[in-house]
Amino acid sequence: MTPIDGRAMARALSQRTAAEVADLIARGTPPGLAVVLVGENPASEVYVARKMAESARVGITSFEHRLPVETSEAVLLALIDMLNADPRVHGILVQLPLPEQIDAGRVLDAIAPGKDVDGFHPVNVGRLSTGTGGLVPCTPLGCMMLLDSVIDDYRGLAAVVIGKSNIVGKPVAMLLLERECTVTVTHIATRGLPEIVCTADIVVAAAGAPRLVRGDWVKPGAVVIDVGITRQTDTDGRTKLVGDAAFDEMAHARAVTPVPGGVGPMTIACLLANTVRAAGR
Ligand code: NAD
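Residues numbered from 1 in each chain as written. Predicted model: local features only at pLDDT ≥ 70, side-chain atom pairs only at ≥ 80, totals over all residues. Heavy atoms only, no water.

With that settled, consider the packing of helix H2 (residues 42–58) against helix H9 (residues 263–280). Packed helices, taken two at a time, are described by the angle their axes make and the gap between the axes. With their axes 10 Å apart at the nearest point, H2 and H9 run at an angle of 55° to one another. Our classification of the angle between H2 and H9 gives oblique. Of the two elements, H2 crosses H9, and the hand of that crossing is right-handed. Residues Arg 50, Lys 51, Glu 54, Ser 55 and Val 58 of H2 touch H9, and the partners they reach there are Ile 268, Leu 271 and Leu 272. When grouped by side-chain class, the residues that make up the contact of H2 with H9 number four nonpolar, one polar and three charged. (Axes fitted to C-alpha atoms, helices over the stretch in contact; angles between N-to-C directions. Helix = DSSP H or I, 4+ residues; strand = E, 2+ residues; numbered from the N terminus. Parallel < 35°, antiparallel > 145°, perpendicular 65-115°, else oblique. Left-handed = near helix turned anticlockwise from the far one by under 90°. Contact = heavy atoms within 4.5 Å. Nonpolar A, V, L, I, M, F, W, Y, C, P; charged D, E, K, R; others polar.)

Attention shifts here to the packing of aromatic side chains. Counting across every chain of the model gives zero aromatic pairs. Sitting over the face of the ring of Tyr 154, Arg 179 holds its NZ or CZ atom 5.0 Å from the ring centroid. (Phe/Tyr/Trp six-rings, centres within 6.5 Å; stacked < 30°, edge-to-face > 60°. Lys NZ or Arg CZ within 6 Å of the ring centre and 35° of its normal.)

In this section: the sheet that holds strand E2 (residues 32–38). Taken together, three strands build an open sheet; the order of strands is E3-E2-E4 and the sheet is parallel. Lying at the two open borders of the sheet, with one neighbouring strand each, are strand E3 (61–67) and strand E4 (91–94). For this sheet the average axis-to-axis angle between neighbouring strands, irrespective of direction, equals 15°. One ladder, built from four bridges, connects E2 with E4; its direction is parallel. From the neighbouring strand, Val 36 faces E4, where its bridge partner is Val 94. Along the sheet face, H2 touches E2, E3 and E4 and points at about 170° away from the line of E2. (Pairing = 2+ DSSP bridges.)

Quick look at the structure:
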């Protein structure tokens, strides 16, 4: 089994993005990313700080907007309107989750589709499902790049996606369908999950269920993309990240993404690539 090195692939993608940023700057369009954070969720703080730092590393200008936890939906929508109209801003990212008084769906719908670098706007979702371009959500885009590093011809391969969320499961399924895989989407209510996974040439696990996918679920030669991230504290008090696949049981697979160091690093690299794409259009 070959582990797929997501860190190395993310570095290579960010290098290409940095070159494209330099080109856009030379042509008078410095790419800009607005990052909006409402409240003080510690995990969100970490994600936002990482996104800003990575943006800076590739030369993207980032605009940070921090709003207090009691911010009303109207105030946030007014900020989105302002960012939609700001020619320096090519990508808008609203860090989720939002406080309960704000309807996240309404906020995401308010982002101009051309600046929706997370790919969550209904127009981009529709474009993805009709195969007509648009901005693709970052984690699914990263999953496909990782798969592309080991698979040349997808036509007719059996792909099983575990999880049907709007941010990972469904868009990954659409991307695999676009490549003419035969796609099965499974979820918490699926019956006989191990038998279904056993049929797969490609497994994308995005359930958030640690070590759900066991070695004997995976057929020899299959490729496993492990999106799941669960934080667990071991007996000596150290926190570690655990994926949805039992990595140590996958010797017979063709290739597997480790956790950490697989899908995670690709997600931010794809966010930066999407920002450059939005700026270039
Ligand atoms: P979600 O909770 O929105 O969706 C989880 C999906 O998995 C649901 O459709 C649910 O039905 C299904 N599911 C849950 N338990 C299951 C089980 N035991 N068997 C079969 N299906 C099951 O989660 P999400 O936002 O899609 O994220 C999924 C996982 O991926 C999480 O661990 C999350 O932290 C991780 N994630 C990682 C990245 C990254 O950059 N690496 C990005 C996004 C999400």
